[in-house]
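# Inside the fold
Residue-level listing of the chains:
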Amino acid sequence: MSRIGLVVEGGGMKCAYGAGILDAFLDDGIDFDYAIGVSAGSANTASFLAGQRGRNLRFYTDHIKEPGYFGFKSFLETGDLFGLKYIYATLSNSNGADALDYQKVLDNPTEFVIVATNAKTGKPTYFHKRDMKQDDYRAIMASCALPAACRPIRIDGEKYYDGGVSDSIPVQKALDDGCDKVVVITSKPRDFVKTPEQHRLIYTFLCQLYPKIIRCLNRRHIMYTACQKRMFELEEEGKAFIFAPSEHLPMSTYAMNAQANRELYDLGMKDYQDAKSQLMAFLRSDGQESGDASGQ
């Protein structure tokens, strides 16, 4: 029987799209043998594995205007433009206003992997759910710690940045970990082309203690394009089913716009419904026929 994996890309507020698809999975009782998430995609995946329908959406609509969530005040007070400790501790801990049901994540038989980037080496690090404990979600914080916008997260003496810096769409990692085929949720349309990072002088200055991270950022468009290429190759081989936004809605990593984020979430729901029959066929198949969320 095929071992089926779920790969969830990051992208900040763009990940509201994937939140819609993951809630649709919960509605239809779809689960996976393996799940790997990057950056905000890892946080979305945690809520999905906990079975907490609607929780992700609240983090793109209800919580975004709270003072600790995002902004220059947070950056000046904590060094984080995104308030990682506010989002993944104050809100998400067991006594928080929107607690993650960690025990359900732990009890879920799905293998859960979280991608971060080692700040010293610039190489991806793959944390597992067993590396987290109740009210200690530093692995997810690390996966979301955008260089220059956030400070690195320290775990067991090592510092880590956002997983998207080193392995943006970890389809190959899923295969290396034993998956026969994967369902991929991307945060960008299929025709998205990654260009070199902007603000090079800013991130070079703010990340000067981590030269390997600077090098990763300088070459990020190359790495991202390689990940895309591999994803589409797997699709052609019948080993990947890709969900990507079917419409070019306004989207931004940093946009704190509840209405726009809700539209992305709704688009995810719509794209899932449009592709549901193809997805079910893919999940039942032996991996010899390709599929994508556009039905092409």
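Above: the structure in question.
First, a word on what this report is: a plain description of the structure on this page. The numbering scheme is per chain: residues are counted from 1 as the chain's sequence reads. Per-residue local features of the predicted model are confined to residues with pLDDT of at least 70, and side-chain atom pairs are confined, for both listing and counting, to 80 or more; whole-chain, interface and lining totals are unaffected and use all residues. The side-chain quantities take in all heavy atoms of the structure and omit both hydrogens and water.

### Here we look at the pairing of strand β8 (residues 240-243)
For each residue, the accessible area found with a 1.4 Å probe, counting protein chains only, is set against the maximum for its type, and the residue is called buried under 20%, exposed over 50%, and partly exposed in between. Think of it this way: any DSSP run of H or I at least four residues long counts as a helix, any run of E at least two long counts as a strand, and we number them from the N terminus. Residues Ala240 and Ile242 of β8 are buried on one face, and the alternating residues Phe241 and Phe243, pointing to the opposite face, are buried as well. Here, a strand pair is defined by DSSP locating no fewer than two bridges between the strands. Sheet analysis places strand β7 (residues 181-185) next to β8, joined by four bridges and oriented parallel. Each bridged residue has a counterpart across the sheet, and for valine 183 the counterpart in β8 is phenylalanine 241.

### Side note on the environment of glycine 68
Secondary-structure assignment places glycine 68 in the loop between α3 (55-61) and α4 (72-78). Exposure remark for glycine 68: the relative accessible area of 21% places this residue in the partly exposed category. Along the chain, glycine 68 and aspartate 101 lie 33 residues apart, while their C-alpha atoms are 22 Å from each other. Residue contacts are defined here by distance: any two heavy atoms, one from each residue, within 4.5 Å place the two residues in contact. When residues no more than four places from it in sequence are discounted, the contact partners of glycine 68 are Ser74, Gly83 and Tyr86.

### Thoughts on the packing of aromatic side chains
Only Phe, Tyr and Trp rings take part, Trp by its six-membered ring, and two of them pair if their centres are within 6.5 Å. Stacked means planes under 30 degrees apart, edge-to-face means over 60, and tilted covers everything else. Overall, the coordinates contain 15 aromatic pairs when judged by the stated rule. On the basis of an interplanar angle of 45° and a centroid distance of 5.7 Å, the ring pair of phenylalanine 241 and phenylalanine 282 is categorised as tilted. You can see phenylalanine 241 sitting in strand β8 and its partner phenylalanine 282 sitting in helix α12 (residues 258-284), a full 41 residues away along the chain. Both a distance and an angle decide whether a charge sits over a ring: NZ of Lys or CZ of Arg must be within 6 Å of the ring centre and within 35 degrees of the ring normal. The lysine or arginine in question, lysine 181, covers the ring of phenylalanine 282, its NZ or CZ lying 4.8 Å from the ring centre.

### A closer look at helix α2 (residues 40-49)
Since there are 3.6 residues in each turn of an α-helix, residues three or four apart along the chain are aligned in direction. Across the 10 residues of α2, 10 count as buried, placing the element largely inside the fold. For α2, the full list of buried residues reads Ala40, Gly41, Ser42, Ala43, Asn44, Thr45, Ala46, Ser47, Phe48 and Leu49.

### Here's the deal with the packing of helix α1 (residues 16-27) against α12
In this description, a line fitted to the C-alpha atoms serves as the axis of each element, helices being fitted only across the stretch in contact, and the angle between N-to-C directions of two axes falls anywhere from 0 to 180 degrees. In contact at an axis separation of 7 Å, α1 and α12 are set at 45° when each is read in the N-to-C sense. Overall, the two elements α1 and α12 adopt an arrangement that is oblique. The element α1 and its partner α12 pack so that their crossing is right-handed. Where α1 abuts α12, its residues Ala16, Tyr17, Ala19, Gly20, Ile21, Asp23, Ala24, Phe25 and Asp27 lie against Asn261, Leu264, Tyr265, Leu267, Gly268, Met269, Asp271, Tyr272 and Leu279. The class makeup of the residues in the contact of α1 with α12 is 12 nonpolar, three polar and three charged. Any angle from 65 to 115 degrees is called roughly perpendicular, while one under 35 is roughly parallel, one over 145 is roughly antiparallel, and all others are oblique. Crossings are assigned a handedness: left-handed for a near helix turned anticlockwise from the far helix by less than a right angle, right-handed for a clockwise turn. All residues other than Ala, Val, Leu, Ile, Met, Phe, Trp, Tyr, Cys, Pro, Asp, Glu, Lys and Arg, Gly among them, are scored as polar; the first ten of these are nonpolar and the last four charged.

### Focus: the pattern of salt bridges
Between side chains of opposite charge, a pair can form when the charged atoms approach closely. Definition used for salt bridges: Asp or Glu carboxyl oxygen within 4 Å of a side-chain nitrogen of Lys or Arg. Tallying each qualifying case throughout the model produces 18 salt bridges. One salt bridge connects arginine 3 with glutamate 111, and the closest N-O pair in it is separated by 2.6 Å. You can see arginine 3 sitting in the segment before β1 (4-8) and its partner glutamate 111 sitting in strand β3 (residues 111-118), a full 108 residues away along the chain. Owing to a relative accessible area of 24%, arginine 3 belongs among the partly exposed residues under this scheme. For the salt bridge of aspartate 80 with arginine 151, the shortest nitrogen-to-oxygen distance reads 3.8 Å. Taken as a pair, aspartate 80 in the loop between α4 and α5 (84-90) and arginine 151 in the loop between α7 (138-144) and β5 (153-155) lie far apart in primary sequence, 71 residues in all. Each of Lys229, Arg230, Glu233, Glu237 and Lys239 takes part in a single network of salt bridges with overlapping partners.

### Considerations on the pairing of β1
In terms of burial, β1 is a largely internal element, five of the five residues being buried. Of the two faces of β1, the one lined by Ile4, Leu6 and Val8 and the one lined by Gly5 and Val7 are each fully buried. Between the parallel elements β1 and strand β2 (residues 34-38), the chain passes through α1 in a crossover that is right-handed. Seen with the strands pointing away from the viewer, any crossover whose path from the first strand over the helix to the second strand runs clockwise is right-handed.

### Some thoughts on the packing of α1 against α2
Remark: α1 packs on α2, axes separated minimally by 10 Å, with the N-to-C direction vectors making an angle of 15°. Classified by the interaxial angle, the pair formed by α1 and α2 is roughly parallel. Remark: the crossing between α1 and α2 carries right-handed chirality. Between α1 and α2, the contacting residues are Gly18, Ala19, Leu22, Phe25 and Leu26 on the first element and Asn44, Thr45 and Phe48 on the second. Residue composition of the contact of α1 with α2, by class: five nonpolar, three polar and no charged.

### Considering the state of the cysteines
The definition used for a disulfide is geometric: two cysteine sulfur atoms within 2.5 Å. For the structure on display, the rule yields zero disulfides. Unpaired in terms of disulfides, cysteine 15 finds its nearest cysteine sulfur in cysteine 144, a separation of 8.4 Å. Cysteine 179 carries a free sulfur, and the closest cysteine sulfur to it, the one in cysteine 227, is 16 Å from it. Judged by its relative accessible area of 5%, cysteine 179 is buried.

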